[in-house]
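# Structural overview for review
Here are the chains, one letter per residue:
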Amino acid sequence: MQMQGSSTATTLDLILHLLPLLLLQSLSPRAFTTRWHSISSKLSHLQSSLSQIDAQSSSTQSNPLLHQLLPNLLSTLQKTKYLAQLCCGDPPSAAPTIGKLQLQSDLDIASSSLALHLHDLDLLLKSGLLSSTAAAIVLSHPTGGSSKEDVAFFVRDVFARLQIGGLEFKKKALDSLLQLLHEDGLAEGKNVHVVSDEGDLPYLIHLLDSGSYPSSIREQAVSAVALLTTASDSAKTILFEEGVLGPLLRLLESGSSAVKEKAAAAVYAITSDPENAWAISAYGGVTALIDACRSGSPATRTHASGTMMNVATVEDVQHAMVEENAVPVLVELLAAEGPTAGNAAKCVSILASCGDEFRVLIERENGLQKLLELLQEPPNPDTLEHSLRAIYALSPSPSTARALSSSAGFLLQLAELIKQGNPSLQQISASLICSLSLNDSTKRAISCCMGSLVKMLELPKPVGLQEVAARALVSLLVVRANRKDLARDEKSITKLVLMLDPNNERVCKKFPMMVVSALLLGRVGARKRLVAAGACKHLQALADMEVPGARKIMQKLAGNRLKNILNRGWRD
């Protein structure tokens, strides 16, 4: 390390000796004055930056990044000095083998090289790495107990080595970054936030798209991006705003299997924010996603199908899905294992809700049968819900409605889901019962769920649950035998009457009134049981409050009692 520091100090002395001479020459060229004005400005800035480095301690000069940067800078300055000699002659002279166009090109290259060196020096100075003795060695990896300041210093060092160093520096820097992000669970999430705040994330994006580095560098970079996007909303926002989606989609098309998996995971995380979903269409990414769903590894297919699910609500994406023939691929994924099938089912449900065009395409690919088969798999609540929603979205199609109405197994499963499912599954199942044209024998076969439908009337959430439960009950109560069964169910009758109580604010009175009205059709003994449970008192109070329909139901309840009284009086 001491030899390296001595070598760096010698190189720095040579540069500081050469710079004033070169600056003087750059002020008096006889050709290409505009180009030399730009070069002169960069030389002046370089002199200032190097003076700051020279003024710092000797440990600064043993920094491994300076050891690599300064010799390259010296080489650039020597080439620039030669160009200055060619342009400052009287008249300007060039070597016989160098023409005017070649000289212009060489000057532009020199100017660009100086700009890069200047960027690297400024990066080192602004990072604070040169002001610490720790910068002279390879920093030790932060432990779980390291302070935020220590982690921040380490992150700045990693990104400096990533940008300034050669290929080996970049590989080691990326290894350190990945290790830091992988350990974030132990660090209670602080590492990823420090990387978001202190790291140069745009440069990480640059590594994804750069063809000048080997594929191993891109694989490390995309792994880091995937970890950042899945762990931090702030990092995800920064990366998205810096344009990471385009390079990720290109890697999803052309990367290795491992790179595609990481790219797909990052794209899925980014599009999980609805504000970002539109960009898939802007980057032309639908084709890449479809290909990934069709032929990717299981992990890639899961993330790609999840992204399709995230962006399916965007109109431009929907048009692209039609043009790129996405529906057959999505229907095929319904037979996949794990969350991929659930993602595909949700995507199908979104598309089927968008109109007849998508419903026709899904039916043409035998999508309904695939969804029904998916319902028979070991129950996963999310997959089950997405599948049911997709079936419900297809149900407006006459052919789908006929197929569902005649499927006894499917309808019995709906009844079981109403009895045992969570509120979301109950709501979708009840909605399907309402939407299908069922004959009386079928309604009788699924009447076992009526008690559960009554319980659903008491639940305020999800929104619309009470209404759909009431409508399903009214549909089933068309059958006389079902009315008799519900009338004999004391618990359900008691619940209905309690729901009519004006003081019970959890239930909209319209819905229990719908059910009571349906119960009062025909002679099934419901009136007597409702009256005994106290329905008249609550209905009278609702009628006095002028709740629509309450007075009419009150009259139905009191009708037989009044008729009996009149008949007895007439006989007497």
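For clarity, every value in this text was computed on a predicted model and none was experimentally measured.

## Let's talk about the confidence of the model for the protein chain
- When pLDDT is averaged along the protein chain, the result is 85, and 88% of the positions lie at 70 or above.
- Between residues 1-5, whose pLDDT stays under 50, and residues either more than four places distant or in other chains, the model counts 8 contacts.
- Taken as a whole, residues 562-572 scores under 50 in pLDDT and shows 0 contacts with residues more than four places along the chain or in a different chain.

## Side note on the pattern of salt bridges
- For the structure shown, the criterion picks out 11 salt bridges.
- Close ionic contact of R294 with D291 constitutes a salt bridge, the shortest N to O distance being 2.9 Å. Highlighted residues: R294 and D291, both in helix α14 (residues 286-295), separated by 3 residues, approximately one helical turn.
- Judged by its relative accessible area of 42%, R294 falls in the partly exposed class.
- A salt bridge links D356 to R359, with the shortest nitrogen-to-oxygen separation between them at 2.8 Å. Of the two residues, D356 and R359 both sit in helix α19 (residues 356-364), 3 residues apart, roughly one turn of that helix.

## Some remarks on a positive patch on the surface
- Residues R480, R488, K528 and R529 make up a contiguous surface patch of positive charge.
- Mapped by element, the contributors of at least two residues to the positive patch are α28 (480-488) and α31 (526-532).
- Its place among the elements puts R488 in helix α28.

## What to know about the nonpolar core
- Counting residues in hydrophobic clusters, the biggest one holds 148 residues, and the most contacted among them are L204, L248, F410 and L453.
- The greatest single-element share of this core, amounting to 8 residues, is contributed by helix α18 (residues 339-352).
- Grouped together as the second largest cluster of nonpolar side chains are 34 residues, L43, L69, L86 and L118 included.

## Considerations on the packing of aromatic side chains
- Tallied over the full model, the rule gives 1 aromatic pair.
- Geometrically, the ring pair formed by F240 and W278 is edge-to-face, given 6.3 Å between the ring centres and 80° between the ring planes. In this pair, F240 sits in helix α10 (residues 233-241) while W278 sits in the loop between α12 (257-271) and α13 (279-282), placing the two residues 38 residues apart along the sequence.
- Taking the relative accessible area as the measure of exposure, W278 reaches 48% and is therefore partly exposed.

## Examining α12
- Its 15 residues give α12 an end-to-end C-alpha distance of 21 Å, which sits within 8% of 21 Å, the value for a rise of 1.5 Å per residue.
- Along α12, the residues classified as buried are V259, A263, A264, A265, A266, V267, A269, I270 and T271.
- Buried positions along α12 lie against α9 (215-231), α10, α11 (245-254), α13 and α15 (298-311).

## Digging into the environment of C536
- Along the chain, C536 falls in helix α32 (residues 535-544).
- Separated by 21 residues in sequence, C536 and L557 place their C-alpha atoms 7.3 Å apart.

## What about helix α30 (residues 510-519)?
- Judged by how many residues are buried, α30 sits mostly within the fold: 7 of 10 residues are covered.
- Inspection of α30 places F511, P512, M513, V515, V516, A518 and L519 among the buried residues, and these make up the whole buried set.

## Quick notes on the packing of helix α24 (residues 423-435) against helix α27 (residues 465-476)
- Two elements in contact, α24 and α27, have axes separated by 9 Å at closest approach and are oriented at 40°. If you check the angle between α24 and α27, you find them oblique. Handedness of the α24/α27 crossing: left-handed. In this structure, α24 uses P423, Q427, A430, S431, I433 and C434 to contact α27, whose residues at the interface are L465, V468, R471 and A472.
- The residue inventory of the contact of α24 with α27, partitioned by class, reads 7 nonpolar, 2 polar and 1 charged.

Cut-offs applied
Residues numbered from 1 in each chain as written. Predicted model: local features only at pLDDT ≥ 70, side-chain atom pairs only at ≥ 80, totals over all residues. Heavy atoms only, no water. pLDDT = per-residue confidence, 0-100. Contact = heavy atoms within 4.5 Å. Salt bridge = Lys/Arg side-chain N within 4 Å of Asp/Glu carboxyl O. Helix = DSSP H or I, 4+ residues; strand = E, 2+ residues; numbered from the N terminus. Buried < 20%, exposed > 50% of the residue type's maximum accessible area, 1.4 Å probe, protein only. Patch = residues over 30% accessible without salt bridge, like charges linked within 9 Å, V, L, I, M, F, W, Y side chains within 5 Å. Areas by Shrake-Rupley, 256 points an atom, 1.4 Å probe, with all protein chains shown as cover. Lys, Arg positive; Asp, Glu negative; His and termini not counted. Charge placed at Lys NZ, Arg CZ, Asp CG, Glu CD. Core = buried A, V, L, I, M, F, W, Y, C linked by side-chain atoms within 4.5 Å. Phe/Tyr/Trp six-rings, centres within 6.5 Å; stacked < 30°, edge-to-face > 60°. Expected span 1.5 Å × (residues − 1). Axes fitted to C-alpha atoms, helices over the stretch in contact; angles between N-to-C directions. Parallel < 35°, antiparallel > 145°, perpendicular 65-115°, else oblique. Left-handed = near helix turned anticlockwise from the far one by under 90°. Nonpolar A, V, L, I, M, F, W, Y, C, P; charged D, E, K, R; others polar.

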